[in-house]
Amino acid sequence: MTLPFEVGVVVRDVRPMERFYCEVIGCRVERRSRVPESIGGPAGLGGELLVVWLRVPSGGCVKLILPRSDQASVPVSAYAPPLSAGRPGLAYLTFHLDDLDPVVAALRAAGARPLSDPVVVLAHGRRISFWADPEGNVVELVDARGGNPGPGRSN
């Protein structure tokens, strides 16, 4: 491997997804690009695309991929129902943090739905929390500090 890991997330509406991953998770927009049908089609991506590269502070990249089709313009409601993390295939994105408390607070303020019950759980010496992004993709936050998970949280 020569570069940090990248993940592509096909989205229905790029704006709320970009806000979520930048303003709440802490990514930053690195670049935007239109992929023409002449490349997207033969590459197996279905045709023309808009791709927004979001740099994760630790060096990885989340690519938001918006297919340019009639279906892609259908708006999604704020915070779609979460996808099951137990289904076959990719289940969730994991973000490792120094301190997940500020991100959990930002998620709550943004109206995101926690999937963990309680919101922060102590597991294998790490604090974890699962959330749904605006389109229902599951996001895991991991804080290696462990210890006391705080009031209202389990161990």
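Residues numbered from 1 in each chain as written. Predicted model: local features only at pLDDT ≥ 70, side-chain atom pairs only at ≥ 80, totals over all residues. Heavy atoms only, no water.

For the rest of this paragraph, the subject is the overall build of the protein. Of the regular secondary structure elements, the protein holds 3 helices and 9 strands. Secondary structure elements in the protein, listed N-terminal to C-terminal, are β-α-β-α-β-β-β-α-β-β-β-β. Considering the protein as a whole, with its 155 residues, one finds that 43% of them fall into the buried category. Long-range pairs, those at least 24 residues apart, make up 58% of the contacts in the protein between residues at least 6 apart in sequence. Carbon together with sulfur atoms contributes 55% to the accessible area of the protein, which is approximately 8,800 Å² in total. (Helix = DSSP H or I, 4+ residues; strand = E, 2+ residues; numbered from the N terminus. Buried < 20%, exposed > 50% of the residue type's maximum accessible area, 1.4 Å probe, protein only. Contact = heavy atoms within 4.5 Å. Areas by Shrake-Rupley, 256 points an atom, 1.4 Å probe, with all protein chains shown as cover.)

Structurally, Gly60 can be placed in the loop between β3 (49-55) and β4 (61-67). Considering only alpha carbons, one finds Gly60 and Phe5, 55 residues apart in sequence, at a separation of 5.2 Å. Beyond its immediate sequence surroundings of up to four residues, Gly60 is in contact with Pro4, Phe5, Leu54 and Arg55.

Before going further, it helps to examine the pattern of salt bridges. Proximity of charged atoms lets side chains of opposite charge pair with each other. With the rule as written, the count across this model stands at 7 salt bridges. Across the salt bridge formed by Arg12 and Glu135, the nearest N and O atoms sit 3.8 Å from each other. Here Glu135 lies in the loop between β8 (126-132) and β9 (138-143) and Arg12 lies in the loop between β1 (6-10) and α1 (14-24), a separation of 123 residues in the sequence. Among the salt bridges present, the one from Arg15 reaches Asp13, with a minimum N-O distance of 3.7 Å. Its relative accessible area of 54% is what places Arg15 among the exposed residues. Three or more residues are tied together by salt bridges with common partners; here these are Asp101, Arg127 and Asp143. (Salt bridge = Lys/Arg side-chain N within 4 Å of Asp/Glu carboxyl O.)

This part covers the confidence of the model for the protein. A low pLDDT means the predicted coordinates there should not be read in detail. When pLDDT is averaged across the protein, the result is 82; 80% of the residues are at 70 or more. Segment residues 70-78: pLDDT under 50, and 9 contacts once partners within four positions in sequence are set aside and those in other chains are kept. For residues 149-155, every residue scores under 50 in pLDDT, and the model assigns this stretch 14 contacts once sequence neighbours within four places are set aside. (pLDDT = per-residue confidence, 0-100.)

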